Amino acid sequence: MTDSKYFTTTKKGEIFELKAELNSDKKEKKKEAVKKVIASMTVGKDVSALFPDVVNCMQTDNLELKKLVYLYLMNYAKSQPDMAIMAVNTFVKDCEDANPLIRALAVRTMGCIRVDKITEYLCEPLRKCLKDEDPYVRKTAAVCVAKLHDINAQLVEDQGFLDTLKDLISDSNPMVVANAVAALSEIAESHPNSNLLDLNPQSINKLLTALNECTEWGQIFILDCLANYTPRDDRESQSICERVTPRLSHANSAVVLSAVKVLMKFMEMLPKDLDYYGTLLKKLAPPLVTLLSAEPELQYVALRNINLIVQKRPEILKHEMKVFFVKYNDPIYVKLEKLDIMIRLASQANIAQVLAELKEYATEVDVDFVRKAVRAIGRCAIKVEQSAERCVSTLLDLIQTKVNYVVQEAIVVIKDIFRKYPNKYESVIATLCENLDSLDEPEARAAMIWIVGEYAERIDNADELLESFLEGFHDESTQVQLQLLTAIVKLFLKKPTETQELVQQVLSLATQDSDNPDLRDRGYIYWRLLSTDPVAAKEVVLAEKPLISEETDLIEPTLLEELICHIGTLASVYHKPPSAFVEGSRGVMHKRLPARTGSGESTESPDVGTAAGGSAPEAAPSIIPSQGDLLGDLLNLDMAPPTTSGPPPPTTGMQMGGMDLLGGGLDSLLGGDLGGSPAMGAGFGAAPAVMPASLNAPVGGGLGDLFDLGGGVGMPMGAYIPPKIVWLPAMKAKGLEISGTFARRAGVIQMELILTNKAMSIMTDFAIQFNRNSFGLAPAGPLQVLTPLGPNQTIEVSLPLSTVGPVMKMDPLNNLQVAVKNNIDVFYFSCQYPISMLFVEDGKMERQVFLATWKDIPNDNESQFQIKDCHLNSDAASSKLQGSNIFTIAKRTVEGQDMLYMSIKLSNGIWVLAELRVQAGNPNYTMTTIRRSGS
């Protein structure tokens, strides 16, 4: 008979009988009694009254009986702490038993008895078991340390168990190593700052050796530990990847996912041009595909992880589209996940295959799945521009099926396609209008109303169509009411004479008959706009809309990086960081991918890579990182203004930098925009012909601009301010457009920015950093964007700059590389500041010093330029230049030609002396500059 008989008894007075049997002299009867006690305990009966009798049964050689008694002890020790002390002697004795199974059993049970009173008695037996000759006992003792740490962390630290655990990582038995790693990882999780797992190349080597020989769960512990290690360089990273790769072929899916996590993390450090990088990408695909042949629940977990992997590295699975095609017997949760991944992998190469598959799905019987499939066709159109026409054609075919829910979903996605490709597919509007009467879902009705309002000028009976919706205005959902209000106002602005009555009717319904505050407020805003300033109303309501992007459903990059570090855990299934769903006091560490240390990859700005790559190892770290640098940890920078309480740094280094700068481009800056080519100045280098790709128009920067030839904001007695230009187009920055210029006011250099949000989401958490540059320009404070920047909003910000930042010679000399961060991403661009921003207010040289200096400087340091089309006399020119801190020291007239002698001092102590020749009636000036560094 099986052990099930122990669970069938329902006798009264059972406790008394059990007590008698437990004290029986017969071993078999004792064992039967303990089994009955355990059975009663398992079904929820209270058998704690038998505690002393069960504990007495511990004194036995029978391993099965001992296990049962220990099981009882673990359950009731917490409710009977005083009596549990009775078992301590037996534990101590069992820890010295000749049988290693009994020693391990004793130490395991000790770890499970969560009673503070008896933990101190268990320290000595545990210490012995940690150094036991049998590996089975050692591996059990390692886990016991973690359990004991959870009960009394201080005791474990005082007894030196943590150091013993660290020593076990070097154990000869792989299972002991795995359990030691598991225990240390568990303890480290509850104490994030303890640095218990102080991994180094030697310990990593030991873990990798143990990896090949331990059980599957041991392998998972070791792989998870490896994932927390950051290799020193790409060579070490490659070595670890090579030794972890065989785990990809393991039968246990948890081992496979843990190996994928390690490889995904360490791939960040491998240069993309490395042969091994391509090999690794190819090796990652087969194990992920194999996971999709498991049972549906495992498939779902695998798909959720693959979803993350595809967002980070779509190239891994770009040739495996077919495995994500939906099978008829897949559960709905698997179908929807596969659909999502199909869209993420869609490209010009496979779009025909994907569309054919999606069209097939749209004829399925599962309504939810059909809706998602239709939406997926729209997402493909937005993602792959070349396929848009084919997608629209497919959607029109689906509309012809007249299946109600298919038609409604198709109209919703066609609205998005219109937003993405304006003035391209509007020919289908007539077909959409035919299905107007069949629309009964709020989202579809709102989408159709938006289409009618947006393209009212192309629809002859637009007013009749919108009027038909207006009849049941109060029965419509808020979404439809708001859309209808906006659409009719659009119609009125496009056809004012025909729709005056209609717009008054809708404004009256929205403002007087509605209880919805959103609708009422929008109605009042439109009413006031239309009544006070119809032109402004037109600009607001008919404003150009930002293009929508397929990227709206992508996981935010920093969160994606954290989730990649949690592949194979619940976080990767929920697509949320552990801190979002793990409760309790336990600290949750935010994990990040490592920085790439191999060959630098190009970033959005082509200039950035060269600057970052050229810095010396011991120099201050470059702010503009390579792409793999987790956005350079820029998101974690303290954006407070730099402290300047101490004395300014000595200028010796700056002057040396100044000397270097003079040899390579200051001349070209001073004369680079003077309207003509340099005359015969020795040693003069022409300004570079190619401007940075991120600039839409050349920025001034030469002295010619100071005469206001470039159309800047030139004030009669103030410094010249160049006109604002676009530095970062919205297409390169996920909808964020940055325009700007530089100004010098009251001795402070200002970077004047215009930030425009052309995306669909709100932007917050703005911050800015500069790369090292020729003159040490750096933000003097944080970027003050105090309110969230909503869609289509623009904000002007003035950022004060200092010149005490790190110096590195740039090409051209006035090039500035900038990183701007917000809640969406970090974006890079480069711009050029006018050299006049660096001219300081104390740049007027004494006449005698000027004369002596002019004579001392050799002719090799002299350069000559032409300034063309400047219609100012010498006094007006002198006055205008003084506004930009170019001071006239002396003036003389020779043969009808005015000669102005001027001095300029740059922020880094370099002096430039100049001679300006002005001939009455001649709009072309000649300027000669000579230079020397400050003393």
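On a predicted model such as this, the values are computed, not experimentally measured, just so you know.

A. Seen up close, the overall build of the protein. If you tally the helices and strands in the protein, you get 37 helices and 13 strands. The buried share of the protein, taken over its 935 residues, is 52%. On the protein, roughly 42300 Å² of surface is accessible, and the fraction owed to carbon and sulfur atoms is 51%.

B. Expanded view of the nonpolar core. Within the largest apolar cluster, 208 residues are counted, with the highest numbers of intra-cluster contacts made by Tyr72, Phe91, Val244 and Phe418. For Phe418, the residues in contact, after removing those within four places along its chain, are Tyr425, Glu426, Val428, Ile429, Leu432, Trp450, Ile451 and Tyr455. Residues Leu753, Phe775, Leu799 and Ile824 belong to the second largest nonpolar core, which totals 54 residues.

C. A look at the pairing of strand S12 (residues 911-919). With seven of nine residues buried, S12 lies mostly within the body of the structure. The turn joining strand S11 (residues 897-905) and S12, which pair antiparallel and follow one another in sequence, is formed by five residues; a positive phi near 90° is taken by Gly909.

D. Representation of a negative patch on the surface within the structure. Taken together, Glu464, Glu467, Glu471 and Glu501 make up a surface patch of like negative charges. Inspection of the secondary structure assignment puts Glu464 in helix H26 (residues 462-470).

E. Molecular detail of unusual backbone geometry. The residue after Asp811, namely Pro812, is reached through a cis peptide bond having omega 0°. With respect to the helices and strands, the residue Pro812 is situated in the loop between strand S6 (794-802) and strand S7 (815-821). The phi dihedral of Lys734 is positive, around 50°, even though this residue is not glycine. Position of Lys734 relative to the elements: it lies in the loop between strand S1 (725-728) and strand S2 (736-745). The phi dihedral of Asp765 is positive, around 55°, even though this residue is not glycine.

F. Spotlight on the pattern of salt bridges. Within the structure shown, the criterion is met by 30 salt bridges. We note a salt bridge from Glu457 to Lys494, for which the minimum N-O separation is 3.0 Å. Remark: Lys494 occurs in helix H27 (residues 478-494) and Glu457 occurs in the loop between helix H25 (442-454) and H26; sequence separation between them is 37 residues. Residues joined in a network through salt bridges with shared partners are Glu268, Lys312, Arg313, Glu315 and Glu561.

G. Region of the structure containing helix H16 (residues 253-267). Taking 1.5 Å of rise per residue, the 15 residues of H16 would be expected to cover 21 Å, and the 21 Å separating its terminal C-alpha atoms lies within 8% of that figure. Burial analysis of H16 places 13 of its 15 residues in the buried class, the great majority of the element. Where H16 starts, the residue carrying a side-chain oxygen 2.7 Å from the main-chain nitrogen of Ala254 turns out to be Asn252.

H. Summary view of the sheet that holds strand S4 (residues 767-770). Pairing is antiparallel in the open sheet, where three strands are placed in the order S4-S7-S8. Two strands close off the open sheet at either side, each with one partner strand: S4 and strand S8 (826-832). Geometrically, the sheet is characterised by an average inter-axis angle of 25° between neighbouring strands, direction not taken into account. By the bridge criterion, four bridges tie S4 to S7 in an arrangement that is antiparallel. Among the inter-strand pairings, Gln769 is bridged to a residue of S7, identified as Ala819.

I. A look at the environment of Asn252. Considering the arrangement of structural elements, one finds Asn252 in the loop between helix H15 (234-244) and H16. On the accessibility criterion, Asn252 (12% relative accessible area) is buried. Asn252 sits 32 residues away from Ile220 along the chain, and the two C-alpha atoms are 9.8 Å apart. Setting aside chain neighbours within four positions, we find Asn252 in contact with Glu216 and Trp217.

J. Structural detail: the packing of H15 against H16. Two elements in contact, H15 and H16, have axes separated by 10 Å at closest approach and are oriented at 160°. One way to sum up the angle between H15 and H16 is to call them roughly antiparallel. For the crossing formed where H15 meets H16, the hand is left-handed. Across the interface between the two elements, Ser237, Ile240, Cys241 and Val244 from H15 touch Ala259, Val262, Leu263 and Phe266 from H16. Each residue belonging to the contact of H15 with H16 can be placed in one class, and the counts come to seven nonpolar, one polar and no charged.

K. Local environment of the side chain of Arg344. The topology assignment puts Arg344 in helix H19 (residues 332-345). Side chain to side chain, Arg344 and Asn307 meet in a polar contact 2.7 Å long.

L. Fine view of the confidence of the model for the protein. Of all residues in the protein, 83% have pLDDT values of 70 or greater, and the mean over the chain is 78. A low-confidence stretch, residues 707-717 (pLDDT under 50), is modelled with 32 contacts involving residues beyond four sequence positions or located in other chains.

M. A look at the sheet that holds strand S5 (residues 778-779). Overall, antiparallel pairing links the five strands, which are arranged S1-S2-S3-S6-S5 in an open sheet. Edge strands, defined here as strands with exactly one partner in the open sheet, are S1 and S5. Bridging between S1 and S2 involves three bridges; their strand directions are antiparallel. Note on S2: the bridge partner recorded for Val726 is Ser739.

N. A look at the environment of Lys338. Here Lys338 is to be found in helix H19. Take Lys338: its relative accessible area is 1%, and that puts it in the buried class. If sequence neighbours within four positions are ignored, Lys338 has contacts with Gln299, Leu303, Val323, Phe324, Phe325, Val326, Lys327 and Asp330.

O. Local environment of the environment of Gln919. Within the element layout of this structure, Gln919 appears in strand S12. Using a relative accessible area of 30% as the deciding quantity, one classes Gln919 as partly exposed. Not counting residues within four places of it along the chain, the set of residues in contact with Gln919 comprises Glu895, Gly896 and Gln897.

Analysis parameters
Residues numbered from 1 in each chain as written. Predicted model: local features only at pLDDT ≥ 70, side-chain atom pairs only at ≥ 80, totals over all residues. Heavy atoms only, no water. Helix = DSSP H or I, 4+ residues; strand = E, 2+ residues; numbered from the N terminus. Buried < 20%, exposed > 50% of the residue type's maximum accessible area, 1.4 Å probe, protein only. Areas by Shrake-Rupley, 256 points an atom, 1.4 Å probe, with all protein chains shown as cover. Core = buried A, V, L, I, M, F, W, Y, C linked by side-chain atoms within 4.5 Å. Contact = heavy atoms within 4.5 Å. Pairing = 2+ DSSP bridges. Patch = residues over 30% accessible without salt bridge, like charges linked within 9 Å, V, L, I, M, F, W, Y side chains within 5 Å. Salt bridge = Lys/Arg side-chain N within 4 Å of Asp/Glu carboxyl O. Lys, Arg positive; Asp, Glu negative; His and termini not counted. Charge placed at Lys NZ, Arg CZ, Asp CG, Glu CD. Expected span 1.5 Å × (residues − 1). Polar contact = N/O pair within 3.5 Å; in protein donor to acceptor, adjacent residues only side chain to side chain. Axes fitted to C-alpha atoms, helices over the stretch in contact; angles between N-to-C directions. Parallel < 35°, antiparallel > 145°, perpendicular 65-115°, else oblique. Left-handed = near helix turned anticlockwise from the far one by under 90°. Nonpolar A, V, L, I, M, F, W, Y, C, P; charged D, E, K, R; others polar. pLDDT = per-residue confidence, 0-100.

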